[in-house]
Amino acid sequence: MIIILKSGATDDQIEHVIERVEALGLRAHLSRGTFRTVIGVIGDEVKVQAEPLRAIAGVAEVVPVLPPYKLASLEAHPAPSVVDVSGVHIGGGQLALIAGPCAVEDSDRMLAIARRVRASGANILRGGAFKPRTSPYAFQGLGEEGLRILRDAGQAVGMPVVTEVTDPRDVDRVAFHADMLQVGARNMQNFVLLTEVGRTQKPVLLKRGMSATVTDLLMSAEYILSQGNPRVVLCERGVRGFDTVTRNLLDLASVAVVKRLSHLPIIVDPSHATGRPDIIPDCALAGIAVGADGVHVEVHDCPECAKSDGPQALLPDAFDTLADRIRQLAALFGRSVAKAPWANV
Ligand code: PEP
Ligand code: MN
């Protein structure tokens, strides 16, 4: 960290800044230039980040050298992390292909969709049991019954399952049924929930909030990592834009940026990002091309009767074509779609 002093800073003020730095157990390196004096702080930057050094008289600016997310940063862990979701490895060249309906609706439908996406090569089954809906009047999910239906469908076809947890009090029961816990966009900064999922050892799919910066996303990941759970997969699912031609704005640059800042895997969700089945396949492929470690796509066998997000669901045939193209594209980059871990029964 570098502390830049105001041009008129007095010797007493400079001395005071040094005292404060040293009181934190860090070393201060004073450097007096012709116009400006700077103090280089040597030691654990996190200790200083919590201190309001900028409030000290005579200080013009405090410039961090390291990012505020320590555990999530590439400096902390230069090799890409690989997250194991009950045998499906995400990261380090292996891609997640997560597919399923927005919401778990009933067991027959869940099983039918699971069979189709599994046959296409999806490796993790998704389905929401607790739905965070914008409207309190919209379908809120089947709750615990939905968890059981999802898990049974996953077991029937040989796939691990991911589902969203919206309430910190539900973390244990969702973790009991699911192989991976999803923290949705609307909860990305629910710090109590992040702390609770961080206390489990379950893999977490952390979606970027719709108005969250990349730094915000990595700081939310840091909450989970700092609780002792290293199994975090990030997800770019579109941020709010001004154009209504797509539901959100798929920020593919953020995927490339995250790859340069963090060791954590990151996948793309073109379903919630665009809301348009006609362009979801192209956007999924673009995500892989830009370096994503997988995709997350909503699939439904009857979009017009879906209880949530029907208009953005891919039909199973369209998903099948997409899965094939993803495998071909991944091979070009020397990557591959991870295999579903269990036999297809
Ligand atoms: C979902 O995955 O169904 C969902 C609600 O996603 P998001 O949190 O990205 O809106
Ligand atoms: Mn959805």
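Residues numbered from 1 in each chain as written. Chains lettered and ligands numbered in written order. Predicted model: local features only at pLDDT ≥ 70, side-chain atom pairs only at ≥ 80, totals over all residues. Heavy atoms only, no water.

Enquirer: So, the overall build of the protein chain: which residues are in play, and what are the values?
Expert: In terms of helices and strands, the protein chain carries eleven helices and 15 strands. Seen through its C-alpha atoms, the protein chain measures out along the principal axes to roughly 75 × 45 × 40 Å. Taken over 345 residues, the protein chain has a buried fraction of 51%. Here the analysis covers contacts within the protein chain between residues at least 6 apart in sequence; of these, 69% occur between residues at least 24 apart. Accessible area for the protein chain stands at about 15100 Å²; split by element, carbon and sulfur atoms hold 54% of it. If the 36 positive side-chain charges of the protein chain are averaged to one point and the 39 negative ones to another, these points end up 1 Å apart. (Helix = DSSP H or I, 4+ residues; strand = E, 2+ residues; numbered from the N terminus. Buried < 20%, exposed > 50% of the residue type's maximum accessible area, 1.4 Å probe, protein only. Contact = heavy atoms within 4.5 Å. Areas by Shrake-Rupley, 256 points an atom, 1.4 Å probe, with all protein chains shown as cover. Lys, Arg positive; Asp, Glu negative; His and termini not counted. Charge placed at Lys NZ, Arg CZ, Asp CG, Glu CD.)

Enquirer: Report on the packing of helix H10 (residues 280–289) against helix H11 (residues 316–332), specifying residues and quantitative values.
Expert: Look at H10 against H11: their axes get within 10 Å of each other, and the N-to-C directions meet at 20°. Classified by the angle their axes make, H10 and H11 are roughly parallel. Here H10 and H11 pass one another in a crossing that is right-handed. Contact residues: Pro281, Asp282, Ala284, Leu285, Ile288 and Ala289 in H10; Leu322, Arg325, Ile326 and Leu329 in H11. (Axes fitted to C-alpha atoms, helices over the stretch in contact; angles between N-to-C directions. Parallel < 35°, antiparallel > 145°, perpendicular 65-115°, else oblique. Left-handed = near helix turned anticlockwise from the far one by under 90°.)

Enquirer: Which residues make up the sheet that holds strand E4 (residues 59–63), and what values do they have?
Expert: Reading across from one edge, E2-E3-E1-E4 is the order of the four strands in this open sheet, with antiparallel pairing throughout. On the outer flanks of this sheet lie strand E2 (27–32) and E4, each paired with one strand and no other. Here the average twist between neighbouring strands, direction ignored, is 20°. Examined bridge by bridge, E2 and strand E3 (residues 37–42) share six bridges and lie antiparallel to one another. Looking at E3, one finds that Arg27 is bridged to Ile42. (Pairing = 2+ DSSP bridges.)

Enquirer: I'd love a proper account of the side chain of Thr37, names of residues and values included.
Expert: One can find Thr37 in strand E3. Among residues more than four places away in sequence, those in contact with Thr37 are Ile3, Ile4, Leu5, Ile14, Leu30, Ser31 and Arg32.

Enquirer: Requested: an account of the site of ligand 1, with residues and values cited.
Expert: Around ligand 1 lies a shell of 13 residues, among which Arg126, Ala185, Arg186, Lys207 and Arg237 are the nearest. At 2.8 Å from an oxygen atom of ligand 1 is found a side-chain nitrogen or oxygen belonging to Lys207. In the model, an oxygen atom of ligand 1 is placed 2.6 Å from a nitrogen or oxygen of the Arg237 side chain. For ligand 1, whose free accessible area comes to 300 Å², the fraction covered by protein is 97%. For the shell around ligand 1, the class distribution of residues is two nonpolar, four polar and seven charged. (Near = heavy atom within 4 Å. Polar contact = N/O pair within 3.5 Å; in protein donor to acceptor, adjacent residues only side chain to side chain. Nonpolar A, V, L, I, M, F, W, Y, C, P; charged D, E, K, R; others polar.)

Enquirer: Go over the pattern of salt bridges with me, naming the residues and quoting the values.
Expert: Within the structure shown, the criterion is met by 18 salt bridges. In this structure, Asp324 engages Arg327 in a salt bridge whose closest nitrogen and oxygen atoms are separated by 3.3 Å. Within this pair, Asp324 and its partner Arg327 are both found in helix H11, separated by three residues, close to a single helical turn. A relative accessible area of 34% means that Arg327 is categorised as partly exposed. The network of salt bridges with shared partners includes Glu144, Arg148, Asp170 and Arg173. (Salt bridge = Lys/Arg side-chain N within 4 Å of Asp/Glu carboxyl O.)

Enquirer: Lay out unusual backbone geometry in plain terms, naming residues and giving numbers.
Expert: Here Ser86, not a glycine, exhibits a phi torsion of approximately 45°, which is positive. Among the secondary structure elements, Ser86 is positioned in the loop between strand E5 (83–85) and strand E6 (88–90). Look at Asp309: it is not a glycine, yet its phi comes out positive at around 55°. Within the secondary structure layout, Asp309 lies in the loop between strand E14 (294–298) and H11. On the basis of relative accessibility, which here comes to 18%, the residue Asp309 falls in the buried class.

Enquirer: How would you sum up the packing of aromatic side chains? Please name residues and give values.
Expert: This model, assessed by the stated rule, comprises one aromatic pair. Centroid distance Phe191 to Tyr223: 4.6 Å. Interplanar angle 25°. Geometry classified as stacked. Pair noted here: Phe191 is in helix H6 (residues 191–199) and Tyr223 is in helix H7 (residues 214–226), with a separation of 32 residues, a long-range link. With a relative accessible area of 34%, Phe191 lands in the partly exposed category. The ring of Phe139 has Lys307 lying over it, and the distance from NZ or CZ to the ring centre is 5.5 Å. (Phe/Tyr/Trp six-rings, centres within 6.5 Å; stacked < 30°, edge-to-face > 60°. Lys NZ or Arg CZ within 6 Å of the ring centre and 35° of its normal.)

Enquirer: Any details on the coordination of the manganese ion (ligand 2)? Residues and values, ideally.
Expert: With distances of 2.1 to 2.4 Å, the protein atoms coordinating the manganese ion (ligand 2) are Cys102 (SG), His272 (NE2), Glu298 (OE) and Asp309 (OD). Written as a sequence motif, the donor residues of the manganese ion (ligand 2) are C-x169-H-x25-E-x10-D. With His272 in helix H9 (residues 270–274) and Glu298 in strand E14, the pair connects residues that are 26 residues apart, well separated along the chain. Comparing His272 with Glu298 shows no difference in burial state: the two are buried. (Donors = N, O, S within 2.8 Å, 3.2 Å for Na, K, Ca; no water.)

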